[in-house]
Amino acid sequence: MRIPLADLRAQHQQLGRDLQEAIDRVFAASDFVLGKEVRQFEEEYAAYCGTTEAIACANGTDALELALWAIGIGPGDDVITVANTFAATAEAIVRCGAVPRFVDVDRQTLLMDTTRLEGAITPRTRAIIPVHLYGSCVDMAAVMAIAARHGIAVIEDAAQAQGATSRGKRAGATGHAGCFSFYPGKNLGACGDAGAVITSDHELANRMRQMRDHGRAGKKYEHAIVGRNSRMDGLQGAILRVKLRHLDAWNARRREIAATYHALLRDVDIRIVAVPESSEAVYHQFVIRTAERDALRHELEASGIQTGIHYPIPLHRQPAFTPYLPASMGDLMAETDAAAAEIVSLPMFPELSDADVHRVATSIADCLTSRAVAAA
Ligand SMILES: *Cc1c(COP(=O)(O)O)cnc(C)c1O
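Here the focus is the overall build of the chain. Each helix and strand in the chain was counted, giving twelve helices and 13 strands. Since a compact globule built from 376 residues should have a radius of gyration of about 21 Å, the 21 Å found for the chain is in line with a globular shape. Considering only C-alpha atoms, the chain reaches an extent of 75 × 55 × 35 Å along its principal axes. Burial analysis of the chain (376 residues in total) assigns 54% to the buried set. For the chain, the proportion of contacts with a sequence separation of at least 24, taken over those separated by at least 6, is 71%. In the structure as shown, the chain presents an accessible area of about 16000 Å², 52% of it carried by carbon and sulfur atoms. Averaging the coordinates of the 39 positive side-chain charges in the chain and doing the same for the 46 negative ones gives two points 4 Å apart.

Right, dumping it as structure tokens:
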């Protein structure tokens, strides 16, 4: 039997009639764009995260772009983030006319190294985007203290961290805005593209609501600003409301699986990517490191175990972003580059059985032991 990296069919089978009823409600109302279900999801998601507002939009990349735009980031501005992330983080910065500036990651967690943050700030720096990669939160107390000293904004990329916490606060709820993707494979996923921004700043929320809907001010054909179209579908809102009720249980199961991996891999010659002390993680990915990464992936694949790499090419090495960067960038990204050659993500989803977790761990141990013996 094949063990996939993630399995959405298992999740949807479990939800069965609830999803169908949600879909039927939207058809009955013909509320296909924004509408009541989306409004209710916004309220429920804001309450879940502990902010006063949530603004639903079309996807996670737009969520980042709306937040940057609403805060006033544009040409001439720099935004600091990391290169060990999905392309969308830097894409949103460039789309706003600003320039991404990458800082290296911490060797243990592979998240933004906050000790390097202050050194990367220049007079052009207008915002910081910490990325809560793998479902682990960057220490937001450290980021907020530095941002406050320099008077710059903090926008959290929480696309992989629905429900995670930093110092007891939900991912996305500490910064000026927190951005989420509900791409189907995320911990909370729609059945198509969807995203949201959370904030407790009412004016910022209003600007984002106008921006996502053609700059509309109240009445249907009254446009206060030049906006865009980044609205969430009614169907996605209704589906996300159903799934949100299961998020805590799903995340708890992910943590249980992570604990089992930790126990079973304790004596195996690999390193497990760490979670900061300040965060309770939701394990969007469970990531290990080994110099034998490519051989290990090959052997696991042969025994029916799917793995992934998040991410194989850091953004400072992507042709899309190199034109914006100083030529010497590589020297400053030693940890990011070293990690990209060694990281591998193991199967991780709430419906993964204990037996399958054992099979993955045993296969890793067998593979690395036999390679060590062969090399000796
Ligand atoms: C998924 C993801 C995004 C983008 O979300 P989309 O909904 O695919 O646009 C942004 N940042 C990170 C870290 C992500 O994982």
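Moving on from the model shown.
A sheet is described by the order of its strands in space; here three strands give the open sequence S7-S6-S11, paired in antiparallel fashion. If you trace the sheet from one side to the other, it starts and ends with strand S7 (169–170) and strand S11 (279–280), each paired once. For strand S6 (residues 165–166) and S7, the ladder comprises two bridges, and the chain directions are antiparallel. For Thr 165, the partnering residue across the bridge sits in S7 and is Arg 170.

Attention shifts here to the pairing of strand S9 (residues 195–199). Among the five residues in S9, five count as buried, and that is most of the element. Because side chains alternate across S9, one face comprises the buried residues Gly 195, Val 197 and Thr 199, and the other comprises Ala 196 and Ile 198, equally buried. By the bridge criterion, five bridges tie strand S1 (residues 53–57) to S9 in an arrangement that is antiparallel. Paired with Glu 53 across the two strands is Thr 199, which belongs to S9. As judged from the four bridges shared by strand S8 (residues 177–181) and S9, these two strands associate in the antiparallel manner.

Let us now look at the sheet that holds strand S10 (residues 271–272). Here we have three strands laid out as an open sheet, ordered S10-S12-S13, and antiparallel in their pairing. Each of the sheet's edge strands pairs with one partner strand only, and the pair in question is S10 and strand S13 (343–346). Judged from the four bridges that link them, strand S12 (residues 286–289) and S13 form a sheet pairing that is antiparallel. Looking across to S13, one finds that Arg 289 is bridged to Ile 343.

To continue, consider the nonpolar core. Across soluble globular proteins, you tend to see nonpolar side chains buried next to one another. Ranked by size, the top nonpolar core spans 27 residues in total, and within it Phe 41, Tyr 45, Phe 182, Leu 188, Met 232 and Leu 240 carry the most contacts. Per-element tally for this core: the top contributor is helix H2 (residues 36–49), with six residues. When neighbours within four sequence positions are excluded, Tyr 45 is seen to be in contact with Gln 162, Phe 180, Phe 182, Leu 188, Ile 198 and Leu 244. Counting residues in each nonpolar core, the second largest holds 26 residues, with Val 82, Val 103, Leu 133 and Val 143 among its members.

A packed helix pair is summarised by two numbers, namely the angle formed by the two axes and the spacing between the axes. In the contact formed by helix H10 (residues 293–302) and helix H12 (residues 354–375), the axes pass within 10 Å of each other and the chain directions differ by 130°. Comparing their axes, H12 and H10 come out oblique. Crossing angle aside, the handedness with which H10 passes H12 is right-handed. For the pair formed by H10 and H12, the contact residues are Ala 295, Leu 296, Glu 299 and Leu 300 on the first element and Ser 363, Ile 364, Cys 367 and Arg 371 on the second. Residue composition of the contact of H10 with H12, grouped by class: five nonpolar, one polar and two charged.

To continue, consider the domain arrangement of the chain. If you check the domain split of the chain, you get domain 1 (8–244) and domain 2 (247–375). Taking only C-alpha atoms into account, the centre of domain 1 sits 25 Å from that of domain 2. Facing the 48 residues of domain 1 at the interface are 38 residues of domain 2. Buried area between domain 1 and domain 2, summed over both chains or domains, comes out near 3600 Å², and the portion from carbon and sulfur atoms is 58%.

Once that is clear, we can look at the pairing of strand S5 (residues 153–157). The buried count for S5 comes to five of five residues, which makes it a mostly enclosed element. The side-chain alternation of S5 yields two buried faces, one formed by Ala 153, Ile 155 and Asp 157 and the other by Val 154 and Glu 156. Both S5 and S8 contribute to a ladder of three bridges, which runs parallel. Residue pairing across strands places Ile 155 opposite Ala 177, the latter belonging to S8.

Cut-offs and rules
- Residues numbered from 1 in each chain as written.
- Predicted model: local features only at pLDDT ≥ 70, side-chain atom pairs only at ≥ 80, totals over all residues.
- Heavy atoms only, no water.
- Helix = DSSP H or I, 4+ residues; strand = E, 2+ residues; numbered from the N terminus.
- Rg over C-alpha atoms; globule rule 2.2 N^0.38 Å.
- Buried < 20%, exposed > 50% of the residue type's maximum accessible area, 1.4 Å probe, protein only.
- Contact = heavy atoms within 4.5 Å.
- Areas by Shrake-Rupley, 256 points an atom, 1.4 Å probe, with all protein chains shown as cover.
- Lys, Arg positive; Asp, Glu negative; His and termini not counted.
- Charge placed at Lys NZ, Arg CZ, Asp CG, Glu CD.
- Pairing = 2+ DSSP bridges.
- Core = buried A, V, L, I, M, F, W, Y, C linked by side-chain atoms within 4.5 Å.
- Axes fitted to C-alpha atoms, helices over the stretch in contact; angles between N-to-C directions.
- Parallel < 35°, antiparallel > 145°, perpendicular 65-115°, else oblique.
- Left-handed = near helix turned anticlockwise from the far one by under 90°.
- Nonpolar A, V, L, I, M, F, W, Y, C, P; charged D, E, K, R; others polar.
- Domains from an automatic or database assignment.
- Buried area = accessible area lost by both parts, 1.4 Å probe.

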